[in-house]
Every structure is written in structure tokens, then in C-alpha cells.
Amino acid sequence: MLRGLPARTLPQRVVRAATRPLRVLRRRWVAGGAILTYHRVAEPGSSPFGLSVSPNHFEAHLAYLSTRCRVMPLLEMARRLACDDLPPRSVAVTFDDGYVDNLRNARPLLERYEVPGTVFVATGYIGGERAFWWDELATLMLEGAVPAELALPLGDGTRRWPTDTPPARRAAMWAVHGILRDLAPTARESTLDALRRWAGHAPRVDDASRAMTADELRVLVRDDLVDVGGHTVAHAALSALDADARAVEIAAPREVLGRLLARPIEAHAHPYGIDTDDAAELAVRAGYSAACAGGIGSVEAGDDPMRLPRFTVHDCDAGTFRRVVEHHLVD
Ligand SMILES: [Zn+2]
């Protein structure tokens with residue numbers, strides 16, 4: 001309908017309204033897919049950040065995916081995108097961070113439903129001797145007795161939050177989470193140190209919430225069902241680092257995981273879904289052949305395999321999951 005007309009002369013809402021049905025048709029009939037992001041497969045109470053999907057719900061998700069979608073390894077999806085050969089309703093399943101429940105709870109269900117998966121590992125946490133920083137933050141701020149106020153020295157001065165009630169503690173935790181997320185790893189660690197001093201202790205790592213050890217990672221990838229990829233060393237906000245440090249954070253996991261697991265590491269995912277202009281180029285230079293760095297959304301033919309979009313799956317029943325996946329596969 002619009003062919004031959006200079007689109008820039010039309011009001012943008014007219015252009016959007018006219019092209020939207022074409023985009024839906026393209027998604028429905030030409031090619032399309034979705035990359036799902038999970039973090040933990042564990043009871044929802046295990047994560048105050050909503051990172052856990054219960055094993056029961058996860059099984060319901062897999063039952064749906066294995067019968068109604070074309071599940072494939074992430075690397076196969078990337079290869080098929082590159083040669084414009086992605087079948088409709090293609091889905092790849094990924095897990096971020098490297099939690100031990102990926103091995104204990106997720107892998108047996110992936111086996112049962114024959115659904116392949118890719119686990120992105122933040123290699124600085126391998127071994128599980130220290131908790132992921134956000135889990136330690138939650139333990140420090142939500143559990144046990146703490147002072148009535150938190151005063152935290154930060155780069156631009158001291159910030160203060162009341163911590164005298166459970167809701168106040170929870171609000172303070174979310175505020176500090178937002179600050180720590182965007183700090184470079186060294187600044188994040190010194191702020192966590194200040195929090196440990198404030199709380200009066202360094203919490204023990206919860207065995208159910210830790211990262212996998214090297215031996216557990218070897219069990220995880222013992223066949224071709226589950227693959228692993230890099231997720232930086234320190235679960236770093238790449239935008240907080242200079243170019244040299246970004247290059248190290250992206251490249252080092254490929255070497256570390258490759259050595260630990262004696263296999264090539266081909267995929268990478270950027271933490272927090274945060275991209276930088278050079279992230280795709282740095283992932284190519286590191287030797288990866290696929291990278292999840294394209295923000296939130298669906299994949300379709302022509303997408304850059306180094307900037308694949310994904311979307312996060314939250315704890316939800318089969319009906320909600322079906323609606324979310326269908327939305328991403330169609331529009
Ligand atoms: Zn992550």
C-alpha cells in the first residue's frame with residue numbers, strides 16, 4: 001500500500017499502522033523464533049529478585065516447548081539465522097549465571113523432555129566459595145539484625161537509607177542493588193565490604209544458591225544436551241568498564257571454560273542485557289560465534305548472531321508461559 005510513497009512524508013503513526021500487519025505476517029509465516037532466559041530452577045522463595053522458576057513450572061514449560069515448538073541449541077539457532085534457514089517457532093533455552101540448581105533441578109528435566117540448553121557462566125564465581133553479589137546483598141540487608149540506618153560511602157559522597165523496618169530494608173536493598181549493578185567490579189567489591197562491616201558479618205554461602213564447581217560443570221556438559229557459554233568473569237556491567245577491561249571480561253571466560261571443560265566455548269551472553277557499542281565486536285574478537293547482546297525481543301531471519309535478543313521467563317504456570325511464548329513467536 002505504501003510502496004512508491006516517500007514514507008518520511010507520512011505521519012509516523014500512519015507508517016507504523018500500515019507496516020505492523022506485514023511484520024506480524026512475516027513473523028508468522030517467514031521465520032521467527034525466541035531465545036528464553038532462565039536463571040534458577042528452584043522454589044520461588046529462593047530468590048528475592050524473582051530469578052527462580054519452580055521445578056514444577058519449569059517442567060510445564062518444557063512439556064509445552066517440546067510438543068509445540070522447534071527447540072534447538074542456541075548455536076544451531078545462530079547458525080541457521082546466519083544462513084537464513086530458521087524454521088518457524090524455533091526456540092532456544094538459556095540459563096544465566098551458572099547456579100548449581102541448573103545441574104540439580106533443570107538438567108534432569110531437560111533430559112526427560114529432550115530439550116537442549118545453554119548455561120552462561122560468570123567464571124569468577126565458579127567453585128561456589130562466594131555467593132553471587134546480588135544474593136549476598138540480599139542476605140546482608142534482609143536477614144538478621146542490622147543497624148537502623150545504612151550509610152554507604154559511594155563515589156559522590158555518602159548515601160543514607162533507613163533500615164529500621166522490613167519494608168525499609170527491602171526498599172534500601174533494591175536501591176543499593178541498582179547502584180551495585182552499574183559499578184565496575186572493584187568498586188562493587190569495596191561497597192560490598194562496607195555493607196559487610198555495616199551488617200557486622202560476612203554471610204555463609206547457601207549451598208542451594210551457589211555457583212557450580214568445575215566438576216559440576218563437567219557433569220552438566222557430559223553429553224551434547226547442555227552447552228556452556230561465557231557470561232563475563234565478574235558478572236560485570238560492561239558499560240562501567242573501559243574498552244580494555246571490557247575485552248578481558250568478555251574474552252577470559254572462553255579461555256577459562258575451554259580449559260576446564262576441554263571443549264570449545266562458542267557462545268557469550270552479556271550480563272544485565274546491557275550492551276555497549278563495541279560489545280559485539282569484542283565478542284567476535286574473543287572468538288565467540290554467537291552472543292546474546294541484543295536486548296529484549298524475538299529473533300528473526302537476518303538478525304546478527306552476535307547481537308541476539310532474548311527474553312526472561314519468570315515463574316509462571318503453563319497457560320501464562322504459553323501466552324508469553326506465543327506473543328514472542330508471532331509479534
Ligand atoms: Zn547474569
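Because the structure is predicted, anything quoted here is derived from the model rather than measured. (Residues numbered from 1 in each chain as written. Predicted model: local features only at pLDDT ≥ 70, side-chain atom pairs only at ≥ 80, totals over all residues.)

Chemist: I'm lost on the environment of Ala-293 in this one. Help?
Modeler: Structurally, Ala-293 can be placed in the loop between β11 (290–292) and β12 (311–312). It is 6.2 Å that separates the C-alpha atoms of Ala-293 and Ala-269, two residues lying 24 residues apart in sequence. (Helix = DSSP H or I, 4+ residues; strand = E, 2+ residues; numbered from the N terminus.)

Chemist: Is there a simple way to explain the pairing of strand β6 (residues 117–121) in this structure?
Modeler: Moving residue by residue along a regular strand, the side chains alternate between the two faces of the sheet. For β6, the buried fraction is high: five of the five residues fall into the buried class. Here β6 shows a buried face lined by Gly-117, Val-119 and Val-121 and a second buried face lined by Thr-118 and Phe-120. Summarising the sheet, strand β5 (residues 90–97) and β6 pair through five bridges and their orientation is parallel. Bridging across to β6, Phe-95 finds its partner in Val-119. Relative to strand β9 (residues 226–230), β6 is paired through five bridges, and the arrangement is parallel. In the sheet register, Gly-117 faces β9, and the bridge partner there is Val-226. (Buried ≥ 20, exposed ≤ 12 C-beta atoms within 10 Å, placed from the backbone. Pairing = 2+ DSSP bridges.)

Chemist: What am I meant to see in unusual backbone geometry here?
Modeler: Only a minority of non-glycine residues have a phi that is not negative, and only a minority of peptide bonds are not trans. The phi torsion at Thr-232 lies on the positive side, around 70°, for a residue other than glycine. Tracing the chain through its elements places Thr-232 in the loop between β9 and α9 (243–261). If you check the backbone angles, His-235 has positive phi at about 50° while not being a glycine. Mapped onto the fold, His-235 is located in the loop between β9 and α9. Classification of His-235 as buried rests on a count of 24 C-beta atoms within 10 Å.

Chemist: Please clarify how the environment of Ser-52 should be interpreted in this entry.
Modeler: With respect to the helices and strands, Ser-52 occurs in strand β3 (residues 52–53). When the C-alpha atoms of Ser-52 and Val-313 are compared, they prove to be 9.3 Å apart, with 261 residues separating the residues in sequence. When near neighbours in sequence (up to four residues on either side) are disregarded, Ser-52 contacts Arg-40, Ala-42, Glu-43, Pro-44, Ser-46, Ser-47 and Asp-315. (Contact = placed C-beta atoms within 7 Å.)

Chemist: Help me understand the pairing of β5, please; the structure alone is not making it clear to me.
Modeler: Of all eight residues making up β5, eight are buried, and the element is well covered by its neighbours. Sheet topology places strand β1 (residues 33–38) next to β5; six bridges connect them, and they run parallel. Bridge pairing in β5 places Gly-33 opposite Ser-90. Across two bridges, strand β4 (residues 70–71) lies against β5 in parallel orientation. In the strand pairing of β5, Val-71 is matched with Val-91. As for the winding sense of the linkage, the β-α-β connection from β4 through helix α3 (residues 74–82) to β5 is right-handed. Handedness of the crossover is the feature at issue here: the chain leaves β5, passes through helix α4 (residues 101–113), returns alongside β6, and the resulting connection is right-handed. (Right-handed = clockwise from strand over helix to strand, strands pointing away.)

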